[in-house]
Amino acid sequence: MSKFIATALAATMLMPIAARAEGQIEVLHHWVSQSEVEALNVIRKALEAKGFQWKDSAVGGMSGANAQQALRARLTAGDPPGAMQFLGWEGVQWAEQGVVRDLNDLAQAGGWREALAPQLLPFVTSGEAFIAAPINMHRQNWVWANKKIFDDAGIAVPKTWAELIETGKKLKEKGVVPVAMGDEPWQIGIIFDALLSDLNGPEFYQKTAVDLDPEALGSPEMVKVFDTLREIRGLVDDNFVGRDWAVATGMVINGEAAMQFMGDWAKGEFLAKGLKPNQDFYCFATPGKVTSFQYLIDSFGMFTVKDETVQQAQVALAETIMDPQVQKDFNRIKGSIPARNDVSVDDFDDCAKLGFQERATAIEKGSMQGAMTHGFAAKPEFASVFSDVAAQFFVGKMSSEDAVKMLVSGIDNAR
Amino acid sequence: MSASTHMSSRLAGWLPRLVVAPSLLIVIVTVYLFILWTGVISVTSSKFVPTYDFVGLDQYVRLWATPRWHTAVANLFIFSVLFLALSTGLGLLLAILLDQNIRVEGALRAIYLYPMALSFIVTGTAWKWIMNPGLGIQKVVTDLGWTTFRFDWITDPQMAIYTVVVAGVWQSSGFAMAIFLAGLRGIDNSVIKAAQIEGASLPLIYRQIIIPMLRPAMLSVIVLLSYIAIKSFDLVLALTNGGPGTATELPSTFMFSATFRRNQMGVGAASAMMMLMTVAAIIIPYLYSELREQKNG
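Nothing here was measured: the structure is a model prediction, and the numbers come from that model.

Caption draft 1: Region of interest: the overall build of chain B. Along chain B, the regular secondary structure elements total 13 helices and zero strands. Sequence-ordered secondary structure for chain B, helices as α and strands as β, is α-α-α-α-α-α-α-α-α-α-α-α-α. Relative to the globule expectation of 19 Å for 297 residues, the C-alpha radius of gyration of chain B, 25 Å, shows a markedly less compact shape. Dimensions along the principal axes, computed over C-alpha positions, put chain B at roughly 85 × 70 × 30 Å. When the 297 residues of chain B are sorted by exposure, 33% land in the buried category. Here the analysis covers contacts within chain B between residues at least 6 apart in sequence; of these, 69% occur between residues at least 24 apart.

Here is the structure:
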């Protein structure tokens, strides 16, 4: 009897190991929408071709905050998932805690550093270690416009913010909502980020959104940013409270509104309706003297685990993600562009091609910078001060000078 | 025989303690231990993950220097006072009106009580649309011809917190009504009869006799509603998502975003301790007076 129990115990203990023997890796991520899941299937299939199973662990909601909570619990319990989707500084911060696996050998063998823009490296490396494999890149500072409205009003794509605001005022007189958006702080933040760089140059963006230089934060240039933001508020209708970004995109598609400032995930909404770039809708970068490319990336990092089969699966997954063909197939579905610079985008849509092209120039001119609103500039405790102030300013009646004061003191308080 | 009765009586003595012990242990660990842990975190410099150093009251200083926290505290005050007063008042009024031996009382009672069956998420989403100036009440009234009519509180940072009050009161006043109605049914009719014979008018009877007799019902309503007011995280999330901007932030939404989204675990813990102290400041005097009354009584 006792022998039977011992055998049964041994069998149950062996079972998970047996299941892992075929090489399974659990991946924690927050992608749950249809296009996101379809894009993930590209990685999953390529991983299966290498003989490893993808175990899905999706925790949606709160822009990934829920998945982060799940991860904290798992790490505290000593049972981290094999891999995890990282946004912003998350990967680097976990690496500082010493729980992330160093992929430097793979990176060196695969030439990852050469394939990526140098601006990305702070988010995928920690010291000498290479800690995450980036799959895609979104651009935050796009303008999406209804072409018919532009054509009917006889207006061209604006080349400066002043022109854009003039265009907006004209459209407003015609009864069109010039700018479709919601009141969520991150939607306001997208415009704020763009203004920092477009009005005052990429160096100003670096000094404020990244270096948090008190002098630049309190400068007259910053007042100008808020002044312009106030003018944009005048181009938004009063029903913007509680409006989802996709609803705002719908307004541009239906011809209720002329423009939306949004990352390239908005493109999917146009394409899903069968609309074509440059025929039915325009996509162009927010206008500035130096065209900026404010990026965000999704990357996957691997946690330190003891199980050798999982370790092998981690290598396979990292190599799969960095595979140029996988990056191409993945990004055509997701609407972003490959994180690698050396993947051809000839068969992508016109907006993706434009983005790819403008990224190359932006890398040269130093205007390829991390998007603060999505966590790719200052650390979250500072970035949230920017978004708080911009949001309070946008929905209320605060003066630009007061907003600048509030920003300076808020950043000091968070230090 | 006597030994076994002795055993069973001893068991009977121990049984309640044994049954209570696991739940007590769970409460001690999940409530008090974590309160203690939050307290510890609030005096450390914890940001992304807990770090165990001692920085004194730095995080509290930082918390009170954050404008968003001031908004949150003011909002909690406005919301709970108005929510409690209006829900209790409306609930009492509805209960008194329903208590007049009217027809279809059962159906009306169900209608008033029904909102309580909804989750705050549903209430919040529905009221978001009702109060949106381009979709809801304002649009209906202006379409009917009163073109200057404005009801755009939800877009106004100064007024948005009152939309949360409206939605909360809509949901909870029926519940208060049900408790008051039960209280009214428990009042002996002969008391009212006697007062009528003495020549007291109906409003006077209600003011001087019936409402004071509803004191126990009033107490349960206030306790239950304050609990709803403090946990109304989901209502704000669904109705305004803290907006416009950050105008309808509550301490609970502040704590969540500081701890889990903004890398300010220490500030989040400090805000949680401030909430605990506020609740304690209300509950402890209440418990104290209740316990003293029991001792005296």
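Anyway, onward from the coordinates.
Caption draft 2: Structural detail: the packing of helix H10 (residues 185–200) of chain A against helix H11 (residues 202–210) of chain A. All names here are of chain A. Closest axis-to-axis distance for the H10/H11 pair is 6 Å, and the angle between their directions is 135°. Considering the angle they form, H10 stands oblique to H11. From H10, Asp193, Leu196, Ser197 and Asn200 reach across to H11, where they touch Pro202, Phe204, Tyr205, Thr208 and Ala209. Residues that form the contact of H10 with H11 fall into these classes: five nonpolar, three polar and one charged.

Caption draft 3: Highlighting helix H2 (residues 34–49) of chain A. Residue and element names in this part refer to chain A. Its 16 residues give H2 an end-to-end C-alpha distance of 23 Å, which sits within 8% of 22 Å, the value for a rise of 1.5 Å per residue. Next to the buried residues of H2 lie strand E2 (53–58), helix H16 (308–321) and helix H17 (324–334). Count one or two residues on from H2 and you reach Gly51, which has phi positive near 90°.

Caption draft 4: Here's a closer look at the domain arrangement of chain A. Residues and elements named next belong to chain A. Per the domain assignment, the segments of chain A are domain 1 (18–139 + 296–352) and domain 2 (142–294 + 365–414). Here the C-alpha centroids of domain 1 and domain 2 sit 29 Å apart. Contributing elements (two or more residues each) for the side of domain 1 that touches domain 2: strand E6 (132–139) and helix H18 (350–365). Its residues assigned to classes, the side of domain 1 that touches domain 2 comprises six nonpolar, six polar and three charged.

Caption draft 5: Just the interface of chain A and chain B, in detail. Taken together, the contact pairs 24 residues of chain A with 28 residues of chain B. Elements supplying a minimum of two residues to the side of chain A that touches chain B: helix H3 (65–76), helix H19 (380–395) and helix H20 (400–414) of chain A. Here the element with the most residues in the side of chain A that touches chain B is H19(A); it accounts for eight residues. When its residues are assigned to classes, the side of chain A that touches chain B shows eight nonpolar, 10 polar and six charged.

Caption draft 6: Layout of the pairing of strand E3 (residues 83–86) of chain A. Residue and element names in this part refer to chain A. Every second residue of E3 is oriented toward a common face, with Ala83 and Gln85 on one face and Met84 and Phe86 on the other, all of them buried. The pairing of strand E1 (residues 24–29) with E3 spans two bridges and is classified as parallel. Of the residues in E3, the one forming a bridge with Val27 is Ala83. Sheet topology places E3 next to strand E11 (residues 293–302); four bridges connect them, and they run antiparallel. Across the sheet, Met84 pairs through a bridge with Gly301, a residue of E11.

Caption draft 7: A look at the nonpolar core. Counting residues in hydrophobic clusters, the biggest one holds 174 residues, and the most contacted among them are A:Trp144, A:Val179, A:Ala257, A:Phe300, A:Ile321 and B:Phe180. Per-element tally for this core: the top contributor is helix H7 (residues 160–185) of chain B, with 13 residues. With residues near it in sequence (within four places) discarded, A:Val179 still touches A:Gly168, A:Ile232, A:Leu235, A:Val236, A:Ala257, A:Met259 and A:Gln260.

Caption draft 8: Main features of the UniProt feature "domain: ABC transmembrane type-1" (unreviewed entry) in chain B. Per the UniProt record, "domain: ABC transmembrane type-1" (unreviewed entry) is found at residues 73–288 of chain B. Strand forms 0% of residues 73–288 of chain B and helix 73%; the C-alpha atoms that close the span are 26 Å apart.

Caption draft 9: Spotlight on the UniProt feature "transmembrane region" (unreviewed entry) in chain B. Residues and elements named next belong to chain B. Look at the UniProt record and you will see "transmembrane region" (unreviewed entry) annotated at residues 20–43, 76–98, 110–130, 159–184, 205–230 and 265–288. Helix makes up 71% of residues 110–130 and strand 0%, with an end-to-end C-alpha separation of 22 Å. Here residues 265–288 is 100% helix and 0% strand, with 33 Å between the C-alpha atoms at its ends.

Caption draft 10: Examining the sheet that holds strand E7 (residues 142–146) of chain A more closely. All names here are of chain A. Strand order in the open sheet formed by four strands is E8-E9-E7-E10, and the pairing between neighbours is mixed. The sheet is open, and its two borders are formed by strand E8 (177–179) and strand E10 (281–285), each paired with just one other strand. Strand after strand, the sheet turns through a mean of 20° between neighbouring axes, direction not considered. Pairing of E7 with E10, which is carried by five bridges, proceeds in the antiparallel orientation.

Caption draft 11: Looking closely at the pairing of E6(A). All names here are of chain A. Where burial is concerned, most of E6 is hidden: eight out of the eight residues are buried. Bridging between E6 and E11 involves seven bridges; their strand directions are antiparallel. Across the sheet, residue Pro134 finds its bridge partner in E11, namely Ser299.

Caption draft 12: Broad picture of the environment of A:Asp350. All names here are of chain A. Inspection of the secondary structure puts Asp350 in helix H18. Distance from Asp350 to Lys276, taken between C-alpha atoms, is 8.7 Å for residues 74 residues apart in sequence. Once residues within four sequence positions are removed from consideration, Asp350 is found in contact with Pro277 and Asn278.

Caption draft 13: How the structure looks around H18(A). All names here are of chain A. With 16 residues, H18 should reach 22 Å at 1.5 Å per residue; the first-to-last C-alpha distance of 22 Å fits that figure. Those residues of H18 lying buried are Cys351, Ala352, Gly355, Phe356, Arg359 and Ala362. For H18, the angular spread of buried residues about the axis comes to 135°, placing them on one side. Projecting away from the buried face of H18 at angles above 90 degrees are the exposed residues Gln357, Ala360, Glu364 and Lys365. Residues of H18 that are buried sit in contact with E6, helix H15 (267–272), E10, E11, strand E12 (337–338) and strand E13 (368–370). Trailing H18 by a residue or two, Gly366 shows a phi angle of about 75°, which is positive.

Caption draft 14: Structural view of the environment of A:Gln279. All names here are of chain A. As for its position among the elements, Gln279 is in the loop between H15 and E10. We classify Gln279 as exposed; it has 9 C-beta atoms within 10 Å. Sequence-wise, Gln279 and Asn146 are 133 residues apart; in three dimensions their C-alpha atoms are separated by 9.8 Å.

About the thresholds
- Residues numbered from 1 in each chain as written.
- Chains lettered and ligands numbered in written order.
- Predicted model: local features only at pLDDT ≥ 70, side-chain atom pairs only at ≥ 80, totals over all residues.
- Helix = DSSP H or I, 4+ residues; strand = E, 2+ residues; numbered from the N terminus.
- Rg over C-alpha atoms; globule rule 2.2 N^0.38 Å.
- Buried ≥ 20, exposed ≤ 12 C-beta atoms within 10 Å, placed from the backbone.
- Contact = placed C-beta atoms within 7 Å.
- Axes fitted to C-alpha atoms, helices over the stretch in contact; angles between N-to-C directions.
- Parallel < 35°, antiparallel > 145°, perpendicular 65-115°, else oblique.
- Nonpolar A, V, L, I, M, F, W, Y, C, P; charged D, E, K, R; others polar.
- Expected span 1.5 Å × (residues − 1).
- Domains from an automatic or database assignment.
- Pairing = 2+ DSSP bridges.
- Core = buried A, V, L, I, M, F, W, Y, C linked by C-beta atoms within 7 Å.
- UniProt positions renumbered as here; feature names shortened; annotations may be inferred.
- Arc of directions from axis to C-beta.

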